[in-house]
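A structural walkthrough
Listed below, chain by chain, are the residues.
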Amino acid sequence: MSGERPDTRLVEGGRRPEWTQGVVNPPVWRASTILFDSCAALADACRHNADGGLFYGRRGTPTQWALADALTGLEPGAEGTMLFPSGVAAIAVALLSVLKPGDELLMVDSVYEPTRAFCRQVLAPMGISTRFYDPLLGGDIAALLGPQTRAVFLESPGSLTFEVQDIPAIVAAARAAGAVTLLDNTWATPLFLPALALGVDLSILACTKYVVGHSDAMLGAVTAAPGHYAALRQTAQRFGQHVGPDDAALGLRGLRTMGVRLRQHQASGLAVARWLAARPEVARVLHPALPDCPGHALWQRDFTGASGLFSVVLAGGDAAARAALIDGLRHFGIGFSWGGYESLALPVDPAALRSATRWQAEGPVMRLHIGLESVEDLIKDLEAGLARFRAARG
Ligand SMILES: *Cc1c(COP(=O)(O)O)cnc(C)c1O
């Protein structure tokens, strides 16, 4: 598809007639073995290894191709998308598709913790070194790019602390030094940040979050700019990465409504964030659309929206006072994987995860995901929670 606006692409993406056979939703094709008509047909299929041809279950069926195709359509200029069984698998294979022993990786210091662990525990023993960099470093990252630097990894906004990065400046510096750029785009999705249009080479999504959108499946995806898809595809195939057709169908179902859901997450999230920012028990709200958030001006410049995930720095108090707040909430679950229709509250400790920068807070930190419940109910719930926090803080 070309030229259509994002909501149209969400509805129409991947629904090629040869895959749907006239059914609105691409059907679930369950397959391991694919049968060939003859030895000659088998030999022909082996020679081609093309996208979109039935070959063997691990290479997918129209169900997985439809989801990959729809995701490619969301990133104008993309060459293709590979699916993965989780967001972490997508990150791991994307990194291994560009790095080899002896290379150096520049990694943002506000990165999702399992990505940091992958660098330390998988890449380092392979002879691939990682240097962590300040998320607020823009074009000055040029000074860190050396002859061994093969890739720069961005995540904007950062996990837990929500610093917004200067993506175009970092991409320009990386490109000048011959390094590949990878961006974890899970928070904004391509709807609020078309990453490839900003020059990013590999755009990574934990589809587990807003694409699936209903907290009932794990999925990841990497969408590649021209020139980067072949290596990504080959690495994914070598590692045997495969997504089950039922999970792909759940991803497709979620994707169709991602636009309306994200707009509601944005509106409700902003209403709750603004309400919290005005409360005396709150020191700071780390939400890219609020001026307190480091990099807010960059969010205004580069993003077209904000999703429903942000952090709250409480004013004073300790972990026990934070637990008094969170444990008694009626409408917020306590759990990790956000992006579903439900609200979540999570105690977090971002300072412990830093290595290149220091991160300091005025009190304990809580990450919130604002779901699709009525904002009035969520605010009433948080108001009672802040009263418990006040009492426990003393
Ligand atoms: C959740 C998350 C991931 C990992 O996704 P999984 O599907 O849970 O493996 C990666 N990056 C970010 C920013 C996330 O929030």
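Residues numbered from 1 in each chain as written. Predicted model: local features only at pLDDT ≥ 70, side-chain atom pairs only at ≥ 80, totals over all residues. Heavy atoms only, no water.

1. Here we look at the sheet that holds strand β6 (residues 202-205)
The seven strands are arranged β1-β7-β6-β5-β4-β2-β3 in an open sheet whose pairing can be described as mixed. The two strands at the open ends of the sheet, each matched to only one other strand, are β1 (80-84) and β3 (129-133). Neighbour-to-neighbour, the strand axes of this sheet turn through a mean angle of 20°, independent of strand direction. Relative to β6, strand β5 (residues 180-184) is paired through three bridges, and the arrangement is parallel. Bridge pairing in β6 places Asp184 opposite Ile204. Its contacts with the sheet place helix α7 (residues 167-176) against β3, β4 (149-155) and β5, and it is angled at close to 175° to β4. (Pairing = 2+ DSSP bridges. Helix = DSSP H or I, 4+ residues; strand = E, 2+ residues; numbered from the N terminus. Axes fitted to C-alpha atoms, helices over the stretch in contact; angles between N-to-C directions. Contact = heavy atoms within 4.5 Å.)

2. Re the sheet that holds strand β11 (residues 365-369)
The four strands are arranged β8-β9-β11-β10 in an open sheet whose pairing can be described as antiparallel. Looking at the sheet topology across the chains shown, the edges are occupied by β8 (282-286) and β10 (344-348). Taking the axes of each pair of neighbouring strands and ignoring which way they run, one obtains an average angle of 25° across the sheet. Across the sheet, helix α13 (residues 319-327) lies against β9 (309-314), β10 and β11, angled at about 170° from β10, the strand it touches most.

3. Side note on the site of the ligand
Near the ligand lie 14 residues; those nearest to it are Gly87, Val88, Asp184, Thr208 and Lys209. With respect to the ligand, the backbone of Val88 contributes an N or O atom lying 2.9 Å from an oxygen atom. The fraction of the free accessible surface of the ligand (380 Å²) that becomes covered by protein chains is 91%. The dominant element in the shell around the ligand, judged by the number of residues it contributes, is helix α5 (residues 87-98), at three residues. For the shell around the ligand, a count of residues per class yields six nonpolar, five polar and three charged. (Near = heavy atom within 4 Å. Polar contact = N/O pair within 3.5 Å; in protein donor to acceptor, adjacent residues only side chain to side chain. Areas by Shrake-Rupley, 256 points an atom, 1.4 Å probe, with all protein chains shown as cover. Nonpolar A, V, L, I, M, F, W, Y, C, P; charged D, E, K, R; others polar.)

4. Some points on the domain arrangement of the protein chain
When cut into domains, the protein chain gives domain 1 (6-30 + 61-256) and domain 2 (259-393). Averaged C-alpha coordinates put domain 1 and domain 2 at centres separated by 25 Å. Each partner contributes residues to the interface: domain 1 has 41 residues there, and domain 2 has 40 residues. On the domain 1 side of the interface with domain 2, the three residues burying the most area are Trp187, Phe192 and Tyr210, jointly 25% of the side's total. On the surface where domain 1 and domain 2 come into contact, there are three salt bridges. With a shortest N-O distance of 2.7 Å, Arg301 and Asp166 are connected by a salt bridge. Summed over the shared surface of domain 1 and domain 2, the result is 22 residue pairs in polar contact (both at pLDDT 80 or more). The set of elements that each furnish at least two residues to the side of domain 1 that touches domain 2 consists of α1 (6-12), α6 (113-123), β3, α7, α8 (189-192) and α10 (245-256). Here the residues of the side of domain 1 that touches domain 2 sort into 21 nonpolar, eleven polar and nine charged. (Domains from an automatic or database assignment. Buried area = accessible area lost by both parts, 1.4 Å probe. Salt bridge = Lys/Arg side-chain N within 4 Å of Asp/Glu carboxyl O.)

5. Here's the deal with the pattern of salt bridges
Under the counting rule described, the total for this entry stands at 15 salt bridges. Among the salt bridges present, the one from Arg47 reaches Asp44, with a minimum N-O distance of 3.3 Å. Of this pair, Arg47 and Asp44 both sit in helix α3 (residues 39-48), three residues apart, roughly one helical turn. Look at Arg47 and you get exposed, because its relative accessible area is 61%. Lys100 is the partner of Asp103 in a salt bridge, and the nearest nitrogen-oxygen pair spans 3.2 Å. For Asp103, a relative accessible area of 7% translates into the label buried. By sharing partners, the salt bridges in this structure join Arg279, Glu281, Glu383 and Arg390 into a single network. (Buried < 20%, exposed > 50% of the residue type's maximum accessible area, 1.4 Å probe, protein only.)

6. Some thoughts on the pairing of β8
Among the five residues in β8, four count as buried, and that is most of the element. Pairing of β8 with β9, which is carried by four bridges, proceeds in the antiparallel orientation. Across the sheet, the residue bridging to Arg284 is Val313, located in β9.

7. Overview of the packing of aromatic side chains
The relative placement of two aromatic rings is captured by the distance of their centres and the angle of their planes. Scanning all chains against the criterion turns up four aromatic pairs. Their ring planes at 70° and their centres at 6.3 Å tell us that Phe36 and Phe55 sit as a pair that is edge-to-face. With a gap of 19 residues between them, Phe36 in the loop between α2 (17-20) and α3 and Phe55 in the loop between α3 and α4 (62-73) connect regions that are remote in the sequence. Measuring from ring centre to ring centre gives 5.5 Å for Tyr210 and Trp338, while their planes differ by 70°; the resulting arrangement is edge-to-face. Residue Tyr210 is found in the loop between β6 and β7 (220-224), and its partner Trp338 is found in the loop between α13 and β10; the two are separated by 128 residues along the sequence. Per residue, the accessibility class of Tyr210 equals that of Trp338, and both read buried. The cationic tip of Arg116 hangs over the ring face of Phe132; the distance from NZ or CZ to the ring centre is 4.2 Å. (Phe/Tyr/Trp six-rings, centres within 6.5 Å; stacked < 30°, edge-to-face > 60°. Lys NZ or Arg CZ within 6 Å of the ring centre and 35° of its normal.)

8. Some remarks on unusual backbone geometry
Of note, the bond from Ser156 into Pro157 is cis; its omega dihedral lies within 30 degrees of zero at -5°. In this structure, Pro157 sits in the loop between β4 and α7. Although it is not a glycine, Phe162 sits at a positive phi angle of roughly 65°. If you trace the backbone, Phe162 turns up in the loop between β4 and α7. On the basis of relative accessible area, Phe162 is assigned to the buried category, the value being 1%. Even without a glycine there, the phi angle at Thr189 is positive, about 65°. Structurally, Thr189 is set in helix α8. Judged by relative accessible area, which is 2%, Thr189 ranks as buried.

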